[in-house]
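Residue-level listing of the chains:
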Amino acid sequence: MTDGNDVDLIAAVVEREGERVVEVVGEVDLTTAAQLEQAIAQLAAEGARVVVDVAQVEFLDSSGVTALLRARKGVPGLVLRNPSPAVTEVLEMAGLTDSLPTED
């Protein structure tokens, strides 16, 4: 999915089984991390539980980790759902598995 500037959109709030979820697809890096933060902020502003589905994340760099940590600070109930192997590896290497809780 692209906007008018041909920038890949990697995060969007979607309805899934009666629950609003931030769905993240592709690479979360310096060029896309702000989109992730915006989608999380949108869902948080709705007053809903903030679930970030990261099953389709292929790459997560320090910018993406920073975006998630900032979001977690502002949204204490934030949870990562179905972390992909790429996400799991980065969180484990960074020692952040307790800071960014996950669920299947």
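Here is a short report on the structure shown in this document. Fair warning: this is a prediction, and the values are worked out from it, not measured in the lab. (Residues numbered from 1 in each chain as written. Predicted model: local features only at pLDDT ≥ 70, side-chain atom pairs only at ≥ 80, totals over all residues. Heavy atoms only, no water.)

## Concerning the pairing of strand β1 (residues 11-16)
Here is the key point about a regular strand: its side chains alternate between the two faces of the sheet.
Item 1. Bridge count for β1 against strand β2 (residues 19-28) is 6 bridges, and the pairing is antiparallel. Of the residues in β2, the one forming a bridge with A11 is V24.
Item 2. Count of turn residues in the β1/β2 antiparallel hairpin: 2 residues, of which E17 carries a positive phi of about 50°. (Pairing = 2+ DSSP bridges. Helix = DSSP H or I, 4+ residues; strand = E, 2+ residues; numbered from the N terminus.)

## Thoughts on helix α3 (residues 85-94)
Item 1. V87, V90 and L91 are the residues of α3 that are buried. The arc that holds every buried residue of α3, seen down its axis, measures 95°, which confines them to one face. Counted as exposed and oriented over 90 degrees from the buried face of α3: P85, E92 and M93.
Item 2. If you follow the buried residues of α3, they end up packed against β3 (51-60), α2 (62-74) and β4 (79-81).
Item 3. Immediately beyond the C-terminal end of α3, within one or two residues, lies G95, with a positive phi of roughly 70°. (Buried < 20%, exposed > 50% of the residue type's maximum accessible area, 1.4 Å probe, protein only. Arc of directions from axis to C-beta. Contact = heavy atoms within 4.5 Å.)

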